[in-house]
Amino acid sequence: MTVRPTSDGDENRHPFVPLQFAPRSLEQSRTDADAFYHTMQARRTTRHFSSRPVPRDLIELAIRTAGTAPSGAHQQPWTFVAIADADLKGRMRAAAEVEEHAFYNGRAPDEWLEALAPLGTDEVKTHMTDAPWVVVLFRQAYGFRADGSKRPYYYTEESCGIAAGLFIAAIHAMGLVTLTHTPSPMAFLRELLQRPVNEKPMLVLPVGYPAADARVPDISRKSLEEIAVFRER
Ligand code: IYR
């Protein structure tokens, strides 16, 4: 395929530069893909964190990695707030536990609680105070123009979902653990963390080392046959 020459006069377009692409053999691709798959297959979500500190530069790297995600119109509609302040983590935990208490005691439909029962989740959020870092992903539902009016952002949920996945992969690849926690509702996070009105809290990600006695449910992942359909002719 040949590349269409870019027309002059399209002043809004970014300049285009050659793609940096390092070709590799099929054999190398298979080796690399297999290694990455095995790395990711070993990832587990745990609710049991050690208080062992994690230096800030590792959290910065995970956020930089998340920030490589593709996004609608390249608007990069995410803000990661990384909290190590024990007092603030304590206030976040207390507020989350208020909401979660209501969730587990009447707000959630029975069918939802039945779906969660095998995983042993509950309203006690020790991970919010045990983990040395709690990272909150805020989705920028829209932006602002220079005159302060609202500017639409596109596919912000998809974009932030992809960024969250890359963050989780980066944390795992550096030998740390994280948990995707979704206090419901979580609007209290915007107030506690003093974020602007266009930022909607989306995910709470405690990050750290697992506790020495960390446990995980004995569950398996769906097979390739269960999650994929190929149509080759
Ligand atoms: N938000 C609650 C409940 C919860 C919901 C689902 I779906 C989970 O997979 C796990 C928990 C909580 O964070 O405990």
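Since this is a predicted model, take the numbers as computed values, not measurements. (Residues numbered from 1 in each chain as written. Predicted model: local features only at pLDDT ≥ 70, side-chain atom pairs only at ≥ 80, totals over all residues. Heavy atoms only, no water.)

Asker: Could you give an account of the overall build of the protein chain, with specific residues and numbers?
Answerer: When its secondary structure is counted, the protein chain shows eight helices and six strands. Taken along its principal axes, the extent of the C-alpha atoms in the protein chain is 60 × 55 × 40 Å. In the protein chain, buried positions account for 33% of the 233 residues. Nonlocal contacts in the protein chain, meaning residues at least 24 apart in sequence, comprise 79% of its contacts between residues at least 6 apart. Of the roughly 15600 Å² of accessible surface on the protein chain, a fraction of 54% belongs to carbon and sulfur atoms. Averaged over its 27 positive side-chain charges, the protein chain has a centre that lies 3 Å from the centre of its 29 negative ones. (Helix = DSSP H or I, 4+ residues; strand = E, 2+ residues; numbered from the N terminus. Buried < 20%, exposed > 50% of the residue type's maximum accessible area, 1.4 Å probe, protein only. Contact = heavy atoms within 4.5 Å. Areas by Shrake-Rupley, 256 points an atom, 1.4 Å probe, with all protein chains shown as cover. Lys, Arg positive; Asp, Glu negative; His and termini not counted. Charge placed at Lys NZ, Arg CZ, Asp CG, Glu CD.)

Asker: Please provide a residue-by-residue account of the site of the ligand, values included.
Answerer: Residues in close proximity to the ligand include Glu-100, Phe-103, Tyr-104, Trp-112, Leu-116, Lys-125, His-181 and Thr-182, which together make up its full environment. Thr-182 is positioned with one of its backbone polar atoms (N or O) 2.6 Å from a nitrogen atom of the ligand. For the ligand, whose free accessible area comes to 370 Å², the fraction covered by protein is 72%. With respect to the detected pockets, the ligand is housed in the largest pocket. Of all the secondary structure elements, the ones that give two or more residues to the shell around the ligand are helix H3 (86-107) and helix H4 (110-116). With three residues, the single largest contributor to the shell around the ligand is H3. Taken together, the residues of the shell around the ligand sort by class into four nonpolar, two polar and two charged. (Near = heavy atom within 4 Å. Polar contact = N/O pair within 3.5 Å; in protein donor to acceptor, adjacent residues only side chain to side chain. 1 Å grid on protein atoms, 1.4 Å probe; cavity = no way out; pocket = protein on both sides within 12 Å on 5 of 7 lines; lining within 4 Å. Sits in = over half its atoms within 2 Å of the grid points. Nonpolar A, V, L, I, M, F, W, Y, C, P; charged D, E, K, R; others polar.)

Asker: Which residues make up the packing of aromatic side chains, and what values do they have?
Answerer: Going through the model one piece at a time under the given rule, you end up with four aromatic pairs. Relative to Trp-112, the ring of Phe-103 lies with its centre 4.8 Å away and its plane at 90°, an arrangement referred to as edge-to-face. Judged by its relative accessible area of 5%, Phe-103 is buried. Among the aromatic side chains, those forming a connected cluster through ring pairs are Phe-103, Tyr-104 and Trp-112. The positively charged end of Arg-52 is found above the aromatic ring belonging to Tyr-209, 3.7 Å away from the centroid. The cationic tip of Lys-150 hangs over the ring face of Tyr-142; the distance from NZ or CZ to the ring centre is 4.5 Å. (Phe/Tyr/Trp six-rings, centres within 6.5 Å; stacked < 30°, edge-to-face > 60°. Lys NZ or Arg CZ within 6 Å of the ring centre and 35° of its normal.)

Asker: Any details on the sheet that holds strand E5 (residues 177-178)? Residues and values, ideally.
Answerer: The four strands are arranged E1-E2-E6-E5 in an open sheet whose pairing can be described as antiparallel. The sheet terminates laterally at strand E1 (78-83) and E5, the two strands that pair on one side only. As judged from the eight bridges shared by strand E2 (residues 133-140) and strand E6 (residues 199-208), these two strands associate in the antiparallel manner. Of the residues in E6, the one forming a bridge with Phe-138 is Pro-201. Helix H2 (residues 56-66) rests against E1, E2 and E6 of the sheet, and its axis sits at about 165° to E1. (Pairing = 2+ DSSP bridges. Axes fitted to C-alpha atoms, helices over the stretch in contact; angles between N-to-C directions.)

Asker: Which residues make up H3, and what values go with them?
Answerer: The end-to-end C-alpha distance of H3, which contains 22 residues, comes to 29 Å, matching closely the 32 Å that a straight helix rising 1.5 Å per residue would cover. By the burial criterion, the buried members of H3 are Leu-88, Lys-89, Met-92, Ala-96, Glu-99, Glu-100, Phe-103 and Tyr-104. Down the axis of H3, the buried set is contained in an arc of 135°. They therefore lie on one face. Among the exposed residues of H3, those pointing more than 90 degrees away from its buried face are Val-98 and Gly-106. (Expected span 1.5 Å × (residues − 1). Arc of directions from axis to C-beta.)

Asker: How would you sum up the layout of surface pockets? Please name residues and give values.
Answerer: In this model, the largest pocket occupies a volume close to 740 Å³. In terms of lining, the largest pocket is formed by 30 residues, of which the most central are Thr-45, Arg-47, Leu-119, Thr-121 and Leu-179. When residues of the lining of the largest pocket are traced back to their parent elements, those giving at least two are H3 and H4. The element best represented in the lining of the largest pocket is H3, accounting for three residues. For the lining of the largest pocket, the class distribution of residues is eleven nonpolar, twelve polar and seven charged. (Points joined across faces, edges and corners; volume = space filled by probe spheres on them.)

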